Amino acid sequence: MGGDDETKGKNHAFVYIASKDYAWIPATLLDTDKGKAHVEVPHYKDEQSIVCDGGASASKKTKEWVDLKKYPNKVLPLQNVTGGGQLIEYPDMVDIPFLHEAGILFNLKLRHLRGRPYTRTGDIIIAINPFQWFTELYTEKKQIMYSNRLVWESTHTEQDPRRGLEPHVYEASALVYRGLAFDREDQSILVSGESGAGKTETVKICMNHIASVQKGRDIKSGGEIDPVVRRVLNSNPLLEAFGNAKTTRNDNSSRFGKYTQLQFHRPEDEMAGSIDLANTICKLAGSKCEAYLLEKNRVTGHEDVERTYHIFYQILAAPDAEKTKLWDGLKGTDFNSYKYVGDTDTKKIEGMTDAQHFEKTRETLELIHLGGDKYTMLMRAILVVMQTGNLTFGPREGDSDKSDCTSKKELKGLAELMGVPEDALNKAFTERTMKTRGETYKVPQDAKTAKESADAFAKEVYGKLFLWLVSGINEATKAEKNFEGGGLASSDFGIIGLLDIFGFESFLINRFEQLCINYANEKLQQKFTEDIFRSVQAEYIEEGIALAEITYDDNTDVLDLIEGRTGLCALLNEECVRPKGSDEAFVNKALAQNKKSPCIVVNHMDRMSFGIHHYAGKVMYSAEFFVVRNQDTLPTDVEELMQISTNEIVSHVAVDNEPAKAKPGRQKSNIVGKTIWTKYKTQLATLMTDLRKTTSRYIRCIKPNKPKKPSVMEHVGTVEQLRCAGVVAAVTITRSAFPNRLDHAPAYRRFLPLKPAAAGKADKNDIKALLAELMDSALASLVQGEGENTKKAYVIGKTKIYFRAGAMEYLESERLKGCDKWAVIMQRVYRGYCVRKKLGGINGYKMQAKAPKAITIQCWYRQLAAKFKLGRLRKKHKEKKKKAKKRVRAAMKIQACGRGYLVRPKFKKKLKLMKERERLKKLANDLEEKVREAEMKRLQNVEAAREAAENEIEEYKEVVREELKSDKEKQKKYAQQQTLIDESSNIIEFLRRENTKLKNQSEGMRKDFKELKDNNKRLQEENEAATSSFTALNDHAKQLNVKNAKLITNVQEYKKKLEGLKDDLKEKQSYYIAEAEARLAAQKRMAAIVGTIQDKCRDPQLIEDAVIMALECEAEAKAERAALDAQDGKSAPATGTTAAVADDDSTDYGDISSDEDSDDDSD
Ligand SMILES: Nc1ncnc2c1ncn2[C@@H]1O[C@H](COP(=O)(O)OP(=O)(O)OP(=O)(O)O)[C@@H](O)[C@H]1O
Ligand SMILES: [Mg+2]
């Protein structure tokens, strides 16, 4: 109930709450407050035991709060129960007062457990698969009962002939017949549901019933069945043999969709407005069938626990004689002889062995004129498929790009079955013909590709033979050809269509096939919604309610997304035509071009995936293989091979109910064919057009549990199927404006406790007026708007009262409160009555009135005697009491003394203890007080410290802010300095290099100088030696005149040499001086650089480094020069110039400790 104030309080209503594990569970509402509900939840043994019984069979109960925001209209759905909480069963859910998902679930569950598989909601029959055969439900008697009640005995003007009839699929079959016969309108029954839900069984049950209805009113049991009817009915098992297979979900699963049109011959002379039962019998004249989306992949592979199509097992289980008659190669084979078939542990399908089924298939084929040669051809086409599965391919010797069939025996067998040359067969799989402009050439295929081609071939052959069979059945059953020798046109017959089509699918991974299936379901859902809308419209018109009240959402957006101009279908086809089309490109385009669609879901985690918001919920699709699967093409070589086969089914190009092959969809030379999607879309469009020409009834099949057990219902699975089947959507539409409704009388009775005291103006015989008066007062607080725009919370129709959202819940809660009040009054009256009765009041007076006088005297005497006796007894009693009192007082005194004596020491001890405790308590209190004070102080200190710290932090923050500001400037300066440092580093590096160069030069000069000095010394020594020789010669002049003259010449020559050496020395000295000057200049330049550094650089360390380096260079230079001078001074007087230069070149670098101040000096 709502969280609003009006509904707040104790009301104890029976509600449902949402559950993750069980979808919905019953609970009792205890209270509501601030958008939350307080509920008591009974716990049952297991899911099956969960029922609505007010918690009577629950093992325990717990209380919890639930958030009302998660519930529609912020209201907990109410249970449809009796006052004691027992669920009420509704055969027709239109009658349910509180119709919602939970209500539907529990009503269906109750009926399922009671063995009633069919439930109605308006024109929809919900069929829960019982997984057990209720024979009594399908007896001939039942069939006749339904056809008589709904067709032959009902009058045309009767409003709803189903009233009082238990829901059944027979009602759908009877009503479509009635519609065809009496309303002269084509009809259809659309059966849907998930795999294993019972669609095919339901269609068969309906078909059998229709065949029985058409026999007319006086059906006689037994007798000859009309051959056309027999053929029509037998066509079902035949299609099942070829199109059904065992899957994990259903042992007899139809792997194709089927629309069967039963054709009826209608009497021509129908008299307008009147019903002539003798003339309205429509006779079943034939049938036509269309198949959709056969699962061809199953031919080449299936899960281990599953099986391929039944027909394969049937052929292999046939008697050996029959097998050899079909083909010698079949002799002695079993399931394991064929790779596509394989072993199976399923020995029986629908209670019959494969061998028995084979016999039936053979007979039926004969019945529908597919016996003899046609039968052999069909069976051999199946053998072609089986044999193809046994082909193996391996690489050709020395070239793995080429391949050959390695199973020669199997190839030979296949060639024989197909009637084609063995070599051509091998080549068709192992080579591919490529065509360019005017040129054709063969490209070899590797073993893997060859095997793929063979598989594609097998699938294609099976697809063809299936369609051939459908076409054969149609030929044998269609009315235009078979009814009374033919001659009538197809349009001359009335139609009852029966659609058995795959329900909405959503698995963990959803592929191209799921998209196709869900697309079909969207198309059908569109029609379903329209039909429901129309039925609601009809109901409102009937009840006299404004149509503007109905609102509903349709699924146009989803259909636009799938089949629109830039929808998924168009984009996928486009991608299949593109030479390099890919799944990923398809997804990208689909997302990009439909980004505005509210139904598309983008998967950001996976680029190969996308999702669609279907009417039944969100489904994510994996686009892997979308392009390949949509093409479903066959290599031209294989196609050409098929065309030369002697088996006409294999060589057949197109069959009747296959859309004509159009020109190549993909512009590649070797691939042909329309896309699957295009064919399917065209087929669906035709189906929808056909269906729209009919009046439809719906049967929604539900699989109540996965393990296929009888009397078990899994809540979550059932609710999901109800959503997918559109049942919930249908309820939403029907209840969009008025979720709850009741007939006038029950509504008045139910809410009578809310009748106002002042009521009574309305006519007592007019239930509608009484109800209006009652509701006006009870729902006054829920009226919306004013004046002309007033919107009451209810509307009264001709037979029902309709309540807006929340109104019924409000009334229920008020009713319970009202009931409480009445219950209290009733209890009071009853209790008073009981008490009075007990006291004899009422009966006593009555007796008095009737008693004779003797009794009166007896009464008087007895009364008197009793009074005396009473006086005596009272006196005695008084005395006794007095004595007893005295005794008691004495005893008490004694006891008191004794107890006092005994207790006193204990009391004293206790008193002492108490006093001590008091003292300690006080002490503790004092201490506590002190502690509290200390704590307060501490807290104050802490607070003060915190404040101080905060202030400090604030200050610090301020400082930091300032620093940050100055930091910015510093950073700027730092950047400048960094530039200077970089420049200085470059300069220093340059100076270092220069210094090294100068050092090297000085070294060279030092060497030269030393050489010169050595020469000089030697010359001096020689000169000295010559001078001494000259003196000796002079001494010996006289003796050695000739020698003297010679010596003089020698001396002169030596002198000349000396002069030359001196010149040499002078030249070297001048060179040295020039060098020294250059060095001086360099030093000056260096000094200038250092000066600049000192000037501009703010890094004292750098300045210091630069100055030190410069000083080191200078010191080095000086040391060298001093060394040179020292040597020079000894050797030649001319070195005086150098000394002067050396004195001069001492450079001032300023004071390195005070770099800022020394700027001017360094300049
Ligand atoms: N009315 C019924 N009474 C008893 N059993 C039923 C009924 N309907 C279906 N079943 C059981 O359920 C099984 C599955 O039913 P059916 O083959 O009709 O399912 P389906 O919906 O056609 O599944 P699929 O989509 O796989 O073809 C049947 O083989 C049968 O055992
Ligand atoms: Mg089926």
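The protein is annotated in an unreviewed UniProt entry as Unconventional myosin of Seminavis robusta. Within the UniProt record for the protein, the comment given under Sequence similarities (unreviewed entry) is "Belongs to the TRAFAC class myosin-kinesin ATPase superfamily. Myosin family."

Asker: I tried to follow the overall build of the protein on my own but got confused; where do I start?
Answerer: Across its full length, the protein holds 33 helices and 25 strands. In the protein, which comprises 1163 residues, the share counted as buried stands at 44%. In the protein, the share of contacts with a sequence separation of at least 24, taken over all contacts with a separation of at least 6, comes to 69%. Surface exposure of the protein reaches about 63200 Å², of which carbon and sulfur atoms provide 54%.

Asker: Is there a simple way to think about the sheet that holds strand S1 (residues 14–19) in this case?
Answerer: Within a beta sheet, neighbouring strands are joined by backbone hydrogen bonds and run either parallel or antiparallel to one another. Within the open sheet, the four strands sit side by side as S1-S2-S3-S4. Their pairing is antiparallel. Taken across any chain shown, the strands that pair with only one partner, and hence form the sheet edges, are S1 and strand S4 (60–67). Between one strand and the next, the sheet's axes are offset by a mean angle of 45 degrees, whatever the strand orientation. Bridge count for S1 against strand S2 (residues 23–33) is six bridges, and the pairing is antiparallel. Along S2, the bridge assignment pairs Tyr-16 with Pro-26. Here helix H1 (residues 101–113) sits on the sheet and contacts S1 and S2; the angle it forms with S2, its principal contact strand, is near 130 degrees.

Asker: Help me understand the packing of H1 against helix H23 (residues 715–724) in this model?
Answerer: Two elements in contact, H1 and H23, have axes whose closest approach is 11 Å; the angle formed by their N-to-C orientations is 115 degrees. Handedness of the crossing formed by H1 with H23: right-handed. When H1 is examined against H23, the residues Glu-101, Ile-104, Leu-105, Phe-106, Leu-108 and Lys-109 are found in contact with a partner set consisting of His-715, Thr-718, Val-719, Leu-722 and Arg-723. Of the residues assigned to the contact of H1 with H23, the class counts are six nonpolar, two polar and three charged.

Asker: I'm lost on the coordination of the magnesium ion (ligand 2) in this one. Help?
Answerer: Note on metal sites: the ideal angle is 109.5 degrees for four tetrahedral donors, and 90 or 180 degrees for six octahedral donors. The protein atoms that coordinate the magnesium ion (ligand 2) are Thr-200 (OG1) and Ser-254 (OG), at distances of 1.9 to 2.0 Å. Highlighted residues: Thr-200 in helix H4 (residues 199–213) and Ser-254 in strand S9 (residues 253–254), separated in sequence by 54 residues. Each of the two residues, Thr-200 as well as Ser-254, counts as buried.

Asker: It is not clear to me how the nonpolar core should be interpreted in this structure. Could you clarify?
Answerer: The nonpolar side chains of a soluble globular protein tend to be buried, and buried together. Counting residues in hydrophobic clusters, the biggest one holds 70 residues, and the most contacted among them are Phe-242, Phe-312, Met-379 and Tyr-462. Residues within four places of Phe-312 in sequence aside, it is in contact with Val-341, Ile-382, Val-385, Met-386 and Tyr-462. Among the nonpolar cores identified, the runner-up in size contains 67 residues, and Trp-24, Val-66, Leu-742 and Ile-796 belong to it.

Asker: What should I look at first to understand the packing of aromatic side chains in this one?
Answerer: We describe a pair of aromatic rings using the distance from one ring centre to the other and the angle between the two ring planes. Following the criterion strictly, the structure yields 28 aromatic pairs and no others. With a centroid separation of 6.1 Å and an interplanar angle of 55 degrees, the aromatic rings of Tyr-540 and Phe-738 are classed as tilted. Remark: Phe-738 occurs in the loop between helix H24 (727–734) and strand S23 (740–743) and Tyr-540 occurs in helix H15 (residues 512–543); sequence separation between them is 198 residues. Classification of Phe-738 as buried rests on a relative accessible area of 0%. Their ring planes at 65 degrees and their centres at 6.0 Å tell us that Tyr-540 and Tyr-802 sit as a pair that is edge-to-face. Of this pair, Tyr-540 sits in helix H15 while Tyr-802 sits in strand S25 (residues 800–803); the two residues are 262 residues apart in sequence, bridging distant segments of the chain. Comparing Tyr-540 with Tyr-802 shows no difference in burial state: the two are buried. Grouping aromatic residues by their ring pairs yields a cluster made of Phe-512, Tyr-519, Phe-586, Phe-610, Tyr-621, Phe-626, Trp-677 and Tyr-680. If you follow Arg-700 out to its NZ or CZ, it ends over the ring of Phe-528, 4.3 Å from the centre.

Asker: For this particular structure, what's the right way to read the side chain of Thr-200?
Answerer: A relative accessible area of 15% places Thr-200 in the buried class. Within the structure, Thr-200 has its side chain in polar contact with the side chain of Ser-254 (distance 2.9 Å). Beyond its immediate chain neighbours, meaning those up to four positions away, Thr-200 contacts Glu-240, Ser-254 and Asp-500.

Asker: What exactly am I supposed to notice about the pairing of strand S10 (residues 257–265) here?
Answerer: The two faces of a sheet get side chains in turn, since along a regular strand they alternate between them. Most of S10 is tucked away, with eight of its nine residues classed as buried. Here nine bridges tie S10 to strand S11 (residues 283–292), and the two strands are oriented antiparallel to one another. Looking at S11, one finds that Lys-258 is bridged to Ala-291.

Asker: Sorry if this is basic, but what is going on with H4 here?
Answerer: For an α-helix, 3.6 residues make a turn, and residues three or four places apart therefore share a direction. With 15 residues, H4 should reach 21 Å at 1.5 Å per residue; the first-to-last C-alpha distance of 21 Å fits that figure. In terms of burial, H4 is largely enclosed, as 13 of its 15 residues are buried.

Asker: Looking at this model, I keep getting lost on the environment of Ile-205. Mind explaining?
Answerer: By secondary structure assignment, the location of Ile-205 is in helix H4. Overall, the relative accessible area of 9% leaves Ile-205 in the buried class. A sequence separation of 35 residues divides Ile-205 from Tyr-170, and the C-alpha atoms of the two residues are 7.8 Å apart. When sequence neighbours within four positions are dropped, the list of residues in contact with Ile-205 reads Tyr-118, Trp-133, Tyr-138, Val-169 and Tyr-170.

Asker: I would appreciate a short explanation of the pattern of salt bridges in the present structure.
Answerer: Pairing between side chains of opposite charge can happen when their charged atoms approach one another. Taken as a whole and assessed by the stated rule, the structure comprises 44 salt bridges. With a shortest N-O distance of 3.2 Å, Arg-307 and Asp-354 are connected by a salt bridge. Taken together, the residues Arg-307 in the loop between helix H6 (297–300) and helix H7 (310–316) and Asp-354 in helix H9 (residues 354–367) connect sequence positions 47 residues apart. Neither residue differs from the other here; Arg-307 and Asp-354 are each classed as buried. The residue Arg-629 makes a salt bridge to Glu-513 at a minimum N-O spacing of 3.2 Å. On the criterion of sequence distance, the pair formed by Arg-629 in helix H19 (residues 626–631) and Glu-513 in helix H15 is long-range, its members being 116 residues apart. Take Glu-513: its relative accessible area is 28%, and that puts it in the partly exposed class. Residues joined by salt bridges that share partners form a network here, namely Asp-92, Arg-120, Asp-123, Arg-162, Glu-171 and Arg-697.

Asker: Would you mind going over a negative patch on the surface with me for this structure?
Answerer: Together, Asp-553, Asp-554, Asp-557 and Asp-560 make up a negatively charged patch on the protein surface. Mapped onto the fold, Asp-560 is located in helix H16 (residues 556–563).

Asker: In this structure, what is going on with the site of ligand 1? I would like to understand it.
Answerer: Around ligand 1 sit 21 residues, and of these Ser-195, Lys-199, Thr-200, Ser-253 and Ser-254 come closest. Within the side chain of Ser-195, one N or O atom sits 2.5 Å away from an oxygen atom of ligand 1. Secondary structure elements with two or more residues in the shell around ligand 1: H4 and S9. Ranked by residue count, the leading element in the shell around ligand 1 is H4, at four residues. The residue makeup of the shell around ligand 1, split by class, is seven nonpolar, 10 polar and four charged.

Asker: Would you mind showing me how to read the sheet that holds S10 here?
Answerer: Strand order in the open sheet formed by seven strands is S5-S6-S22-S7-S18-S10-S11, and the pairing between neighbours is mixed. Looking at the sheet topology across the chains shown, the edges are occupied by strand S5 (118–121) and S11. Looking at each pair of strands side by side, their axes are set apart by 20 degrees on average, direction ignored. Here six bridges tie strand S7 (residues 187–193) to strand S22 (residues 695–702), and the two strands are oriented parallel to one another.

Asker: I tried to follow the state of the cysteines on my own but got confused; where do I start?
Answerer: A covalent bond bridging the sulfur atoms of two cysteines is what the word disulfide describes. Inspection of every chain in the model, using the stated rule, returns zero disulfides. Left without a disulfide partner, Cys-206 is nearest to the cysteine sulfur of Cys-701, which lies 8.8 Å away.

Asker: Any chance you could explain a nonpolar patch on the surface here in plain terms?
Answerer: Among the surface-exposed residues, Ile-857, Trp-860, Tyr-861, Leu-864 and Phe-868 lie close enough to one another that they form a single nonpolar patch of about 610 Å² accessible area. Among the structural elements, Ile-857 can be located in helix H29 (residues 853–1035). Residue class for Ile-857 comes out exposed when judged on its relative accessible area of 56%.

Asker: Mind showing me how you'd approach the UniProt feature "binding site: ATP" (unreviewed entry) in the protein here?
Answerer: Within the UniProt annotation, "binding site: ATP" (unreviewed entry) is assigned to Gly-193, Glu-194, Ser-195, Gly-196, Ala-197, Gly-198, Lys-199 and Thr-200. By the secondary structure assignment, Ser-195 is in the loop between S7 and H4. For Ser-195, a relative accessible area of 12% gives the class buried. Other than its neighbours up to four places away in sequence, Ser-195 contacts Thr-247, Arg-249, Asn-250, Ser-253, Arg-255 and Lys-703.

Asker: What's the story with the side chain of Lys-800 in this structure? I'm lost.
Answerer: Relative to the helices and strands, Lys-800 is located in strand S25. One buried charged side chain, Lys-800, makes no salt bridge at all; its nearest oppositely charged neighbour is Asp-743, positioned 4.1 Å away. Setting aside its immediate chain neighbours within four residues, Lys-800 contacts Glu-543, Arg-741, Leu-742, Asp-743, His-744 and Val-795.

Procedures and definitions
Residues numbered from 1 in each chain as written. Chains lettered and ligands numbered in written order. Predicted model: local features only at pLDDT ≥ 70, side-chain atom pairs only at ≥ 80, totals over all residues. Heavy atoms only, no water. UniProt positions renumbered as here; feature names shortened; annotations may be inferred. Helix = DSSP H or I, 4+ residues; strand = E, 2+ residues; numbered from the N terminus. Buried < 20%, exposed > 50% of the residue type's maximum accessible area, 1.4 Å probe, protein only. Contact = heavy atoms within 4.5 Å. Areas by Shrake-Rupley, 256 points an atom, 1.4 Å probe, with all protein chains shown as cover. Pairing = 2+ DSSP bridges. Axes fitted to C-alpha atoms, helices over the stretch in contact; angles between N-to-C directions. Left-handed = near helix turned anticlockwise from the far one by under 90°. Nonpolar A, V, L, I, M, F, W, Y, C, P; charged D, E, K, R; others polar. Donors = N, O, S within 2.8 Å, 3.2 Å for Na, K, Ca; no water. Core = buried A, V, L, I, M, F, W, Y, C linked by side-chain atoms within 4.5 Å. Phe/Tyr/Trp six-rings, centres within 6.5 Å; stacked < 30°, edge-to-face > 60°. Lys NZ or Arg CZ within 6 Å of the ring centre and 35° of its normal. Polar contact = N/O pair within 3.5 Å; in protein donor to acceptor, adjacent residues only side chain to side chain. Expected span 1.5 Å × (residues − 1). Salt bridge = Lys/Arg side-chain N within 4 Å of Asp/Glu carboxyl O. Patch = residues over 30% accessible without salt bridge, like charges linked within 9 Å, V, L, I, M, F, W, Y side chains within 5 Å. Lys, Arg positive; Asp, Glu negative; His and termini not counted. Charge placed at Lys NZ, Arg CZ, Asp CG, Glu CD. Near = heavy atom within 4 Å. Disulfide = S-S within 2.5 Å.

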